[in-house]
Amino acid sequence: TCIDTGVKLFNTDMPFTLFVDYEHTDAEFKNDTYTVVHCMKEVNPWPGLVLQYALNNLINMEIIQGNNKIKATAQKDGQTSTTINRMKVVFRKNVDGKVSVYRKYDNKDNIYKSEVQGTYVQIPQSLLLGAYQQTDGTKGRYARGILHDCEVHNRWFTDEEVNEWFDLGFTDSSSENETGTV
């Protein structure tokens, strides 16, 4: 299952902050690729953003604008899809072209941050939850897990505000909000 939110994060040069809290639940993970969130034009140089599990137990968190990109991986943070079950990720874009990716894993107290100055690139794709989408609209690489929280805001959250969200920890959000398996 996937959800097309209709939210076009990169359709205009507006700031945004995207919060994602995802739990990997596939005990039989076969070392293939699946996508948790996707808002990317699948043509080189692949502008947009993606959070995906990939081959060799990689977890990629990418945001690409112009010639600048962040390719944060759990492996660079000392993690793999076999060492963590749940993670929180924050993607941010500001009107000045600055982009950030924050991440925190359920087995570590550290918050990791990557940030670069980019150049805005407009793309028409909308934010998908739980799948990848090719430029022809074909969907695939369906996620296998629980999306505990996904929030999109039309402003750049400060570092302090992002840290407050991380400080909430990994709680069961099902009593507060609806949760769904993607």
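Look up a bit, the structure's there.
Residues numbered from 1 in each chain as written. Predicted model: local features only at pLDDT ≥ 70, side-chain atom pairs only at ≥ 80, totals over all residues. Heavy atoms only, no water.

Draft legend 1. Representation of the pattern of salt bridges. Under the criterion given, the structure shown has nine salt bridges. In this structure, Lys113 and Asp159 form a salt bridge, with 3.2 Å as the shortest nitrogen-oxygen distance. One end of the pair, Lys113, is in strand β9 (residues 112-117); the other, Asp159, is in helix α1 (residues 159-167), and 46 residues separate them in sequence. On the basis of relative accessibility, which here comes to 38%, the residue Lys113 falls in the partly exposed class. Overall, Asp159 belongs to the partly exposed group, its relative accessible area being 30%. Of the charged contacts in the structure, one is a salt bridge between Glu161 and Arg155, with a shortest N-O distance of 2.8 Å. Sharing partners across several salt bridges, the network here consists of Arg92, Lys113, Glu115 and Asp159. (Salt bridge = Lys/Arg side-chain N within 4 Å of Asp/Glu carboxyl O. Helix = DSSP H or I, 4+ residues; strand = E, 2+ residues; numbered from the N terminus. Buried < 20%, exposed > 50% of the residue type's maximum accessible area, 1.4 Å probe, protein only.)

Draft legend 2. Representation of the nonpolar core. Core analysis: the largest hydrophobic core is formed by 32 residues, its most contacted members being Val37, Leu49, Leu51, Met61, Ile63 and Phe91. Contributions of two or more residues to this core are made by β2 (16-24), β3 (34-40), β4 (48-54), β5 (58-65), β6 (68-73), β7 (86-93) and β8 (98-105). Apart from residues no more than four positions distant in its own chain, Met61 is found in contact with Val50, Leu51, Ile70, Lys71, Ala72, Thr73, Ala74, Val89, Phe91, Val101, Arg103 and Tyr105. Core analysis: the next-biggest nonpolar cluster, separate from the first, contains seven residues, Phe157, Val162, Trp165 and Phe166 among them. (Core = buried A, V, L, I, M, F, W, Y, C linked by side-chain atoms within 4.5 Å. Contact = heavy atoms within 4.5 Å.)

Draft legend 3. Unusual backbone geometry, seen in detail. A cis amide bond, omega 20°, links Asn44 with the succeeding residue Pro45. Here Pro45 shows up in the loop between β3 and β4. At Trp46, a position not held by glycine, the phi torsion is positive, near 60°. At Arg141, a residue that is not glycine, the phi angle is positive and equals roughly 50°.

Draft legend 4. Spotlight on the pairing of β6. Across six bridges, β5 lies against β6 in antiparallel orientation. Residue Asn60 lies in a different strand from β6, and its bridge partner there is Thr73. Hairpin geometry of β5 and β6 is characterised by an intervening segment of two residues between the two adjacent antiparallel strands and by a positive phi of about 60° at Gly66. (Pairing = 2+ DSSP bridges.)

Draft legend 5. Up close: the packing of aromatic side chains. Summed over the entire model, instances satisfying the criterion amount to eight aromatic pairs. On the basis of an interplanar angle of 90° and a centroid distance of 5.3 Å, the ring pair of Phe10 and Phe16 is categorised as edge-to-face. With respect to burial, Phe10 and Phe16 carry one shared label: buried. Between Tyr105 and Tyr112, the aromatic rings sit 5.8 Å apart at their centres with planes inclined by 50°, giving tilted as the arrangement. By the burial criterion, Tyr105 is buried, and Tyr112 matches it. Through pairs of rings, three or more aromatic residues link up here, namely Phe19, Tyr102, Phe157, Trp165 and Phe166. Over the face of the ring belonging to Trp165 we find Lys88, whose NZ or CZ atom lies 4.3 Å from the ring centre. It is Arg141 that lies over the ring of Tyr132; its NZ or CZ is 3.9 Å from the centre. (Phe/Tyr/Trp six-rings, centres within 6.5 Å; stacked < 30°, edge-to-face > 60°. Lys NZ or Arg CZ within 6 Å of the ring centre and 35° of its normal.)

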